[in-house]
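Spelled out from the first residue to the last, the chains are:
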Amino acid sequence: MTLDALTAARIGADAVYYEVSKRQMVAGEGVYLIDEDGRSYIDCASATFNLSLGYGHPAVIAAMRAQADRLVHVTSGFQTEVINELCAMLVELAPAGMARAHLKVASGSGANEGAIKMAQRATGARDVITLFRSHHGQTALTASISGNAFRREALVDSYPNLIVPDPYCRRCFYGKSSPDGCGFVCVDRIDQFIEFASRGDVAAIMVEPISGNGGNIVPPPGYFATLQEFCAARGIKIIMDEIQTGIGRTGYMFAAEYFGITPDAITVAKGLGGSGAQVAGIITTEEMAGLPINEHSFTYGSNLMAAAAGVATLRTVSRPEFLENVRLTGDYILDRLRSTLGPHRNVFDVRGVGLMIGVEVVDDEGNPNAALVNHLAARATEHGLIVRTSRYGRGNVLKIRPPLILTLDEADLVCSRFEALFAEEL
């Protein structure tokens, strides 16, 4: 049986394995996504936080077309100009001390697994430390080390690791009222987890500079300096999972720069593709190099069209005026929403860095309210916004992460639509 395109589109949703919205999207331009009825939405999720340059960015599309005319893919055992260029750019733009880029991965999950293997090989140790609420991927390994019990419910077995309290100062696990004077107990007490809950040999700690799926938690000043000192004294490698924070999202090329930390490895994906190309990588120090290719390599890693998109994205994002605009528009949204939504009884906090912003929603008694935040996210489309929530709908944070090309006028419109949403629904 042969289906024409229109018929296939009508019945196709029944064949899709996973649940999908009733809305069918047909086009996108810049920060806007457009449905079959012609309605446009400001995409405050940048698709899956991977359209750092929005829909159809001309430089990215042109680079992919030009590469397609030359060579779409070749085994990574050969050199190619575009892979060499992307590796060189990643190393150059990363914090000082980064020396190698591993591109033979095709996802953020794969990049995170590879970085763990590199740390284990470099140290000879096995255990990995992660944080409460962390989200490091969807593979069996990265799901099992992520800091949510629901991520491991369906796993037959899980990777042994330590999951320790995160620097969520406003809801401190240790009951401290603020980071001032607490001595960063959330770092200090990792020693007890190592002594009593590990196998005694820790290879690395993997940490998101700002929690992506976990609620947009921003560590306080000094946290990462304390963590780096802690790890250096114990020979533990620091892996920065910058799948969501990297490539300009915080107004800096990497959030490691914003927080003033030099990690042993940085993982990147999502935003590196600019307008949706599937590209990922691991940036490491020389000490972390040497993982044999047979231990971590994937067929569609190092894809040349995706790498061309990565090069075009880095050229665009690395411009000082581009990153300055990310900081400017991010500060505008933060300041305005803190002023207009912050005093609301159902808003616990408005926080973020650059264009990685979260609005934490609570009930009238101040308790986390996932049902309310899911209701707001669903209603946001009626206000021309696409918004995602934390912890796969189990959390209570609305995430605001529009494409980094956002203008001040568009930032103003985002705020106005959020204010209208809250005024109508609460």
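Quick caveat: nothing in here was measured; it's all calculated off a predicted structure.

A.B. asks: What exactly am I supposed to notice about the packing of helix α13 (residues 370–380) against helix α14 (residues 408–425) here?
C.D. replies: A pair of packed helices can be characterised by two numbers: the angle between their axes and the separation between those axes. The interhelical angle for the contact between α13 and α14, taken along N-to-C directions, is 120°, at an axis separation of 10 Å. The pairing of α13 with α14 is recorded here as oblique in orientation. Regarding α13 and α14, the two cross each other, and that crossing is right-handed. Residue-level contacts link H375, L376, R379 and A380 of α13 to L421, F422, E424 and E425 of α14.

A.B. asks: Explanation requested: the sheet that holds strand β6 (residues 162–164) in the structure shown.
C.D. replies: In any sheet, the strands associate via hydrogen bonds between backbone groups, in a parallel or an antiparallel arrangement. Ordered by their spatial adjacency, seven strands build an open sheet running β4-β10-β9-β8-β7-β5-β6, and the pairing between neighbours is mixed. Looking at which strands have only one partner, the edges of the open sheet turn out to be β4 (100–102) and β6. On average, adjacent strands in this sheet sit at an angle of 20° to one another, irrespective of strand direction. Where strand β9 (residues 265–268) lies against strand β10 (residues 281–284), four bridges are found, and the strand directions are antiparallel.

A.B. asks: Would you mind showing me how to read the packing of aromatic side chains here?
C.D. replies: Two descriptors summarise a pair of aromatic rings, namely the distance from one centre to the other and the angle between the planes of the rings. Tallied over the entire structure, the rule returns eight aromatic pairs. With a centroid separation of 5.3 Å and an interplanar angle of 85°, the aromatic rings of F132 and F173 are classed as edge-to-face. Taken as a pair, F132 in the loop between β5 (127–131) and α6 (140–144) and F173 in the loop between β6 and α7 (185–188) lie far apart in primary sequence, 41 residues in all. Owing to a relative accessible area of 26%, F132 belongs among the partly exposed residues under this scheme. Relative to Y174, the ring of F173 has its centre 5.0 Å away and its plane inclined at 90°; by these criteria the two rings are edge-to-face. Ring pairing ties together the aromatic residues F184, Y223, F224, Y252, Y258 and F259, which thus form one cluster. Directly above the ring of F348 sits R170, whose terminal nitrogen or CZ lies 4.1 Å from the centroid.

A.B. asks: It is not clear to me how the state of the cysteines should be interpreted in this structure. Could you clarify?
C.D. replies: Covalent bonding between the sulfur atoms of two cysteines is what defines a disulfide. All chains considered together, the criterion is met by zero disulfides. Between C182, a free cysteine, and C186, which holds the nearest cysteine sulfur, the sulfur-to-sulfur gap is 6.2 Å. Unpaired in terms of disulfides, C415 finds its nearest cysteine sulfur in C44, a separation of 9.2 Å.

What counts, and where the lines are drawn
- Residues numbered from 1 in each chain as written.
- Predicted model: local features only at pLDDT ≥ 70, side-chain atom pairs only at ≥ 80, totals over all residues.
- Heavy atoms only, no water.
- Axes fitted to C-alpha atoms, helices over the stretch in contact; angles between N-to-C directions.
- Helix = DSSP H or I, 4+ residues; strand = E, 2+ residues; numbered from the N terminus.
- Parallel < 35°, antiparallel > 145°, perpendicular 65-115°, else oblique.
- Left-handed = near helix turned anticlockwise from the far one by under 90°.
- Contact = heavy atoms within 4.5 Å.
- Pairing = 2+ DSSP bridges.
- Phe/Tyr/Trp six-rings, centres within 6.5 Å; stacked < 30°, edge-to-face > 60°.
- Buried < 20%, exposed > 50% of the residue type's maximum accessible area, 1.4 Å probe, protein only.
- Lys NZ or Arg CZ within 6 Å of the ring centre and 35° of its normal.
- Disulfide = S-S within 2.5 Å.

Functional significance is not addressed by these values, which are geometric in nature.
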